[in-house]
Amino acid sequence: MPKPHKYDDRKSAAQRGYGYKWQKSREGFLKNHPLCVDHEARGQVVAATVVDHIVPHRGDMNLFWDRNNWQSLCSHCHDSHKQRLEKSGIDTGCDLTGKPTDINHHWNR
């Protein structure tokens, strides 16, 4: 018998807070913060499409709605290195010279 996927019992997006109110708030935040903060930090201009929770809220609705915990990212940054950072604790990005941006990376020691 196949093992159930870890997200099988996960609540729907709306149940996790990503309903109409979130969509309107997200739209306004992106209008005011239209650029990907990760690309901006590397001197690049890339449009943001995702409002990311800097500190994962993990169901904490106070943290979910705390706009100081929001940042604008492009979908590539959110779906690739931001997800890896949350899972591994290591930021895999680098600056334009190729130097890792994670201060804890062994190349920065």
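Please refer to the structure higher up on the page.
For clarity, every value in this text was computed on a predicted model and none was experimentally measured.

Caption draft 1: Examining the overall build of the chain more closely. Of regular secondary structure, the chain possesses four helices and two strands. Counted from the first residue to the last, the chain has its helices and strands arranged as α-α-β-α-β-α. Among the 109 residues that make up the chain, the fraction classed as buried is 28%. Considering only residue pairs separated by 6 or more positions, the chain has 48% of its internal contacts joining residues 24 or more positions apart. Just so you have it, the chain exposes about 7900 Å², and 54% of that area is on carbon and sulfur atoms.

Caption draft 2: Looking closely at the pairing of strand S1 (residues 50-53). The side-chain alternation of S1 yields two buried faces, one formed by Val50 and Asp52 and the other by Val51 and His53. Of the pairings in the sheet, the one linking S1 to strand S2 (residues 70-73) comprises four bridges and is antiparallel in character. In the sheet register, His53 faces S2, and the bridge partner there is Trp70.

Caption draft 3: Highlighting the side chain of Ser72. Tracing the sequence through the fold places Ser72 in strand S2. Exposure remark for Ser72: the relative accessible area of 1% places this residue in the buried category. A polar contact is formed between the side chain of Ser72 and the backbone oxygen of His33, at a distance of 2.7 Å.

Caption draft 4: Representation of helix H1 (residues 20-32). The end-to-end C-alpha distance of H1 is 19 Å, a good match for the 18 Å that 13 residues give at a rise of 1.5 Å each. Where H1 is concerned, the buried positions are Trp22, Ser25, Phe29 and Leu30. Take H1 and look down its axis: the buried residues cluster within an arc of 130°, on one side only. Residues of H1 that are exposed and point more than 90 degrees away from the buried face comprise Tyr20 and Lys31. Residues of H1 that are buried make contact with S1, helix H3 (61-64) and S2.

Caption draft 5: The arrangement of the packing of aromatic side chains in detail. Applying the stated criterion across every chain, the model contains eight aromatic pairs. Geometrically, the ring pair formed by Tyr18 and Trp22 is edge-to-face, given 5.4 Å between the ring centres and 85° between the ring planes. Relative to Trp70, the ring of Trp22 has its centre 5.1 Å away and its plane inclined at 80°; by these criteria the two rings are edge-to-face. Taken together, the positions of Trp22 in helix H1 and Trp70 in strand S2 put the pair 48 residues apart, joining distant regions of the chain. Residue Trp70 is classed as buried on the basis of its relative accessible area, which comes to 4%.

About the thresholds
Residues numbered from 1 in each chain as written. Predicted model: local features only at pLDDT ≥ 70, side-chain atom pairs only at ≥ 80, totals over all residues. Heavy atoms only, no water. Helix = DSSP H or I, 4+ residues; strand = E, 2+ residues; numbered from the N terminus. Buried < 20%, exposed > 50% of the residue type's maximum accessible area, 1.4 Å probe, protein only. Contact = heavy atoms within 4.5 Å. Areas by Shrake-Rupley, 256 points an atom, 1.4 Å probe, with all protein chains shown as cover. Pairing = 2+ DSSP bridges. Polar contact = N/O pair within 3.5 Å; in protein donor to acceptor, adjacent residues only side chain to side chain. Expected span 1.5 Å × (residues − 1). Arc of directions from axis to C-beta. Phe/Tyr/Trp six-rings, centres within 6.5 Å; stacked < 30°, edge-to-face > 60°.

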